[in-house]
Amino acid sequence: MTAQATLDLATAFGTASNRRGKYFSVKRFGTPVVIVLGLLALFLWLSSLSLDSIEQRTLNWQYLQDRTLEHVRLTVVASAIVAVIAVPAGIALSRIRSKAVHAVVFGIANVGQSTPAIGLVILLAIVWKLGFEVALVGLVAYSVLPVLRNTLVGLEQVDKSLTEAARGMGMHPLQVLTRIELPLAIPVIVAGLRTALVFCVGVATVATFINAGGLGDMIINGLKLQRWPVLITGAVVVSCIALTIDWLAGLAEDLLKPKGL
């Protein structure tokens with residue numbers, strides 16, 4: 001192994017002295033401030049209204065808490081399944097050089113995202129059943145592509161000289177993957193997971209059409225009954241969940257990024 005390769009390998013793993021205080025930068029505090037101000041504005045607006053009996057039955061803490069927990073549970077479980085499926089699949093694809101195999105796998109992964117979300121979920125409900133499990137399958141199918149693609153791209157962009165240097169140090173392929181390639185690809189992979197999470201938050205609103213719960217109940221009921229406080233509350237809470245998840249994923253992306261990158 002050459003001295004230059006050794007230097008490159010050491011640099012990639014953070015011999016640089018940059019610190020990770022950027023998590024507490026103004027940029028990272030901006031999103032929580034927006035979320036808090038948005039929810040506060042919603043609360044003050046609702047407090048100023050004279051709600052009718054239908055709005056009062058919907059806009060109560062217990063109902064809102066139940067729908068929010070259903071929405072978050074659906075999003076988190078679907079995203080976890082996506083990660084379990086797409087990350088290993090992306091690693092396996094990075095070891096296969098056949099463009100035909102890549103095209104077939106990405107073609108299959110693209111089916112879910114190229115189909116309208118509501119159409120995919122309702123189609124699954126027709127051929128299967130109603131409920132949480134069907135909505136989960138629809139969300140996974142819709143969100144798997146960005147994680148699969150980012151995993152492959154992240155691994156492919158790792159500098160080949162680093163992996164060669166690692167092999168020269170006596171590492172076997174699994175060690176090269178876990179100690180070199182995956183740590184360097186983590187920012188790109190987490191960016192894909194971040195996209196999938198936000199996708200899931202949005203698509204989970206259509207779960208209400210197949211009796212899977214979530215904040216889509218509030219949005220649809222508010223729209224059908226022309227109760228704008230109900231509709232706006234559901235939309236604002238969904239937006240705040242999406243912003244919160246995106247912010248947390250951004251923090252995770254920074255925390256997992258190797259030093260020196």
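Each remark here, short or long, concerns the structure printed above.
Residues numbered from 1 in each chain as written. Predicted model: local features only at pLDDT ≥ 70, side-chain atom pairs only at ≥ 80, totals over all residues. Heavy atoms only, no water.

Undergrad: How should the packing of helix α4 (residues 61–94) against helix α11 (residues 228–256) be read in this particular structure?
TA: For any two helices packed against each other, the geometry comes down to the angle between their axes and how far apart the axes lie. The N-to-C vectors of α4 and α11 enclose an angle of 40 degrees; their axes lie 11 Å apart at closest approach. As judged from the angle between their axes, α4 and α11 are oblique. The chirality of how α4 crosses α11 is right-handed. Taking contact as the criterion, the partners of Leu64, Thr68, His71, Val72 and Thr75 in α4 are, on α11, Thr233, Val237, Val238, Ile241 and Ile245. Taken together, the residues of the contact of α4 with α11 break down into 6 nonpolar, 4 polar and no charged. (Axes fitted to C-alpha atoms, helices over the stretch in contact; angles between N-to-C directions. Helix = DSSP H or I, 4+ residues; strand = E, 2+ residues; numbered from the N terminus. Parallel < 35°, antiparallel > 145°, perpendicular 65-115°, else oblique. Left-handed = near helix turned anticlockwise from the far one by under 90°. Contact = heavy atoms within 4.5 Å. Nonpolar A, V, L, I, M, F, W, Y, C, P; charged D, E, K, R; others polar.)

Undergrad: Help me understand the layout of surface pockets, please; the structure alone is not making it clear to me.
TA: A water-sized probe rolled over the atoms picks out the places where empty space is left. In this structure, the largest pocket spans a volume of roughly 480 Å³. The wall of the largest pocket is formed by 19 residues, among which Leu39, Leu42, Trp61, Leu64 and Val237 lie closest to the centre. Secondary-structure elements contributing two or more residues to the lining of the largest pocket are α2 (26–47), α4 and α11. In terms of residue class, the lining of the largest pocket is made up of 13 nonpolar, 6 polar and no charged. Around the second largest pocket sit Ser94, Arg95, Arg97, Leu155, Glu156, Lys160, Thr163, Glu164, Arg167, Pro173, Val176 and Glu181, which together line it. Taken together, the elements giving at least two residues each to the lining of the second largest pocket come down to α7 (132–156), α8 (160–168) and α9 (173–203). A total of 4 residues in the lining of the second largest pocket trace back to one element, the largest contributor, which is α8. Within the lining of the second largest pocket, the residues separate by chemical class into 3 nonpolar, 2 polar and 7 charged. (1 Å grid on protein atoms, 1.4 Å probe; cavity = no way out; pocket = protein on both sides within 12 Å on 5 of 7 lines; lining within 4 Å. Points joined across faces, edges and corners; volume = space filled by probe spheres on them.)

Undergrad: What is the right way to look at the packing of aromatic side chains in this model?
TA: The geometry of an aromatic ring pair is captured by the separation of the ring centres together with the interplanar angle, meaning the angle of the planes. Counted according to the given criterion, the structure contains 1 aromatic pair. With centroids separated by 5.9 Å and ring planes inclined at 65 degrees, the aromatic side chains of Tyr142 and Phe199 adopt a geometry described as edge-to-face. Taken together, the residues span a long stretch of sequence, with Tyr142 in helix α7 and Phe199 in helix α9 at a distance of 57 residues. Positioned above the aromatic ring of Phe132 is the side chain of Arg73, whose terminal nitrogen or guanidinium carbon lies 4.2 Å from the ring centre. (Phe/Tyr/Trp six-rings, centres within 6.5 Å; stacked < 30°, edge-to-face > 60°. Lys NZ or Arg CZ within 6 Å of the ring centre and 35° of its normal.)

Undergrad: In this structure, what is going on with the side chain of Ser143? I would like to understand it.
TA: With respect to the secondary-structure elements, Ser143 resides in helix α7. Residue Ser143 is classed as buried on the basis of its relative accessible area of 1%. Within the structure, the side chain of Ser143 is placed 2.9 Å from the backbone oxygen of Leu139, a separation counted as a polar contact. Not counting residues within four places of it along the chain, the set of residues in contact with Ser143 comprises Val82, Ala196, Phe199 and Cys200. (Buried < 20%, exposed > 50% of the residue type's maximum accessible area, 1.4 Å probe, protein only. Polar contact = N/O pair within 3.5 Å; in protein donor to acceptor, adjacent residues only side chain to side chain.)

Undergrad: Even after reading the chapter, I still don't get the pattern of salt bridges, so can you show me in this structure?
TA: Where charged atoms from two side chains of opposite charge approach closely, those side chains can pair. Summed over all chains, the structure comprises 5 salt bridges. Beyond isolated ion pairs, a larger network of salt bridges with shared partners links Arg67, Glu70 and Asp217. (Salt bridge = Lys/Arg side-chain N within 4 Å of Asp/Glu carboxyl O.)

Undergrad: Any chance you could explain the packing of helix α10 (residues 216–224) against α11 here in plain terms?
TA: Interaxial distance between α10 and α11 falls to 7 Å at its minimum, and their mutual angle equals 155 degrees. One finds that α10 runs roughly antiparallel with respect to α11. Considering how the two elements wind past one another, α10 and α11 form a crossing that is left-handed. Along the contact surface, α10 presents Met218, Ile219, Gly222 and Leu223, while α11 presents Trp228, Val230, Leu231, Thr233, Gly234, Ala235 and Val238. Class assignment for the residues of the contact of α10 with α11 results in 8 nonpolar, 3 polar and no charged.

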